[in-house]
Every structure is written in C-alpha cells, then in structure tokens.
Amino acid sequence: MATALKNLSDNKTSGMRDISGAKFGIVVSEWNEEVTEALYSGAFETLIALGATREHIERMNVPGSFELSLGAQWMAKRNDIDAVITLGCVIQGETRHFDFICQACANGITEVGLKYDKPVIFGVLTTETQKQAMDRAGGRHGNKGDEAAATAVKMLSVK
Ligand SMILES: Nc1c(NC[C@H](O)[C@H](O)[C@H](O)CO)[nH]c(=O)[nH]c1=O
Ligand SMILES: CC(=O)[C@@H](O)COP(=O)(O)O
C-alpha cells in the first residue's frame, strides 16, 4: 500500500508485550537533520507511549544513511540491546548516488538484523523531494519514526 494511502502514525499495537524492561537503540543519520530529528522525536515518543522506559532508549548519531548499517551493528551486537531502530532520510539529487546509498542502506540494515537475530528496523525515508520527506516526518502522511518504533515493539512481541 502506498504511503499516500496509509498514515504512517496509524499503527495497530493492541496485544503488545510489556516493554518496560526492553532496551532500544536508535541510530540517527545527521544528513537532512531537520527530517531525521523529526523522525527521532516520533520514534522516541511512540516507544514511550507504548510503555518503554526513557532510560532504556539509547541514541547514536552517524554522519549519513550509508553509515546506519555499521551504527546498527555496533548497537545490535550488544547483549543489552533488544531492538535497534535506524532513522535516515535520503533525497534524490542530480546523480545516481541516491540509488547506491538506498540500496546499500537497505541491504546493510537487513543483514544486521539477520546476523544478530534481533529486530533492526528500517526507518529510512527515500524520497524524490524535501517536501515528500517532510510529509512523512510528522506531516500529512504521518511520521515514519512512529511506524519504525511501533514495528520494533511488534517484532519484540512476535519474538
Ligand atoms: N545525500 C545523502 C546522503 N549522503 C551521504 C551518505 O549517506 C554517506 O554519509 C557518504 O556517502 C559517506 O559515506 N546521506 C543521507 O543520509 N541522505 C542523503 O540525501
Ligand atoms: C542522495 C545523495 O547522495 C544526493 O544528495 C547527492 O546529490 P547529487 O546526486 O546531486 O550529487
């Protein structure tokens, strides 16, 4: 379903497990900071709303979305981290650089979750324009950070 047909902040979370004892790592890309900070706020507040403990949410900043995979790995390898959320925003420029970053980012983040057998959530916007990104970072289409946090909680409930 296209995002335009679904609000990213509208997540069914009934029946979730108690996450007050769970520890979350959030890795945030500094590129397009206005967007990624909005994603972080959404993710953080959604985790709290779903019952997470503030002191159990740990943040790590990385330069760009390409570095999210390594940041996620540094978090996921820790025994005290139950789930990792990655947040980034890649916006198309004039060249194919966008394609390579998005592919590397998606593949790398996927591999980390499989390698460490724990939820590593892909909360990365890959848009054509700044407006599309802002629309998905607390705008008319909701907040991708909300969705990423709810997904992390759902996966802990599944596991
Ligand atoms: N153009 C964007 C980037 N580019 C930087 C890369 O992510 C990476 O940091 C660099 O290639 C060095 O390894 N990153 C984003 O997150 N968003 C962009 O739009
Ligand atoms: C996604 C990017 O790396 C992009 O911002 C780079 O811009 P350009 O393709 O114009 O060099």
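About the thresholds
- Residues numbered from 1 in each chain as written.
- Chains lettered and ligands numbered in written order.
- Predicted model: local features only at pLDDT ≥ 70, side-chain atom pairs only at ≥ 80, totals over all residues.
- Heavy atoms only, no water.
- Pairing = 2+ DSSP bridges.
- Helix = DSSP H or I, 4+ residues; strand = E, 2+ residues; numbered from the N terminus.
- Axes fitted to C-alpha atoms, helices over the stretch in contact; angles between N-to-C directions.
- UniProt positions renumbered as here; feature names shortened; annotations may be inferred.
- Buried < 20%, exposed > 50% of the residue type's maximum accessible area, 1.4 Å probe, protein only.
- Contact = heavy atoms within 4.5 Å.
- Polar contact = N/O pair within 3.5 Å; in protein donor to acceptor, adjacent residues only side chain to side chain.

A closer look at the sheet that holds strand E3 (residues 83-91)
Part 1 of the argument: Taken together, 4 strands build an open sheet; the order of strands is E2-E1-E3-E4 and the sheet is parallel. Only two strands of the sheet have a single neighbouring strand rather than two, namely strand E2 (57-62) and strand E4 (120-127). Going from strand to strand, the sheet's axes swing by 15° on average, the running direction of each strand aside.
Part 2 of the argument: Where strand E1 (residues 24-29) meets E2, 6 bridges bridge the pair, whose relative direction is parallel. Counted as the bridge partner of Ile26 is Arg59 from E2.

Some details on the UniProt feature "binding site: (2S)-2-hydroxy-3-oxobutyl phosphate" (unreviewed entry) in the protein chain
Part 1 of the argument: Residues given the UniProt feature "binding site: (2S)-2-hydroxy-3-oxobutyl phosphate" (unreviewed entry) here are Glu94, Thr95 and Arg136. Spatially, the listed residues are scattered: they cover 43 residues, and their C-alpha atoms lie as much as 23.1 Å apart.
Part 2 of the argument: Counting through the fold element by element, Glu94 comes out in the loop between E3 and helix H3 (97-116).
Part 3 of the argument: A residue is classified by how much of its surface remains accessible, and Arg136, at 17% relative accessible area, is buried.
Part 4 of the argument: Once residues within four sequence positions are removed from consideration, Arg136 is found in contact with Thr3, Leu8, Leu39, Leu125, His141, Gly142, Asn143 and Lys144.
Part 5 of the argument: Polar side-chain contacts of Arg136 include one of 3.0 Å to the backbone oxygen of Gln132.

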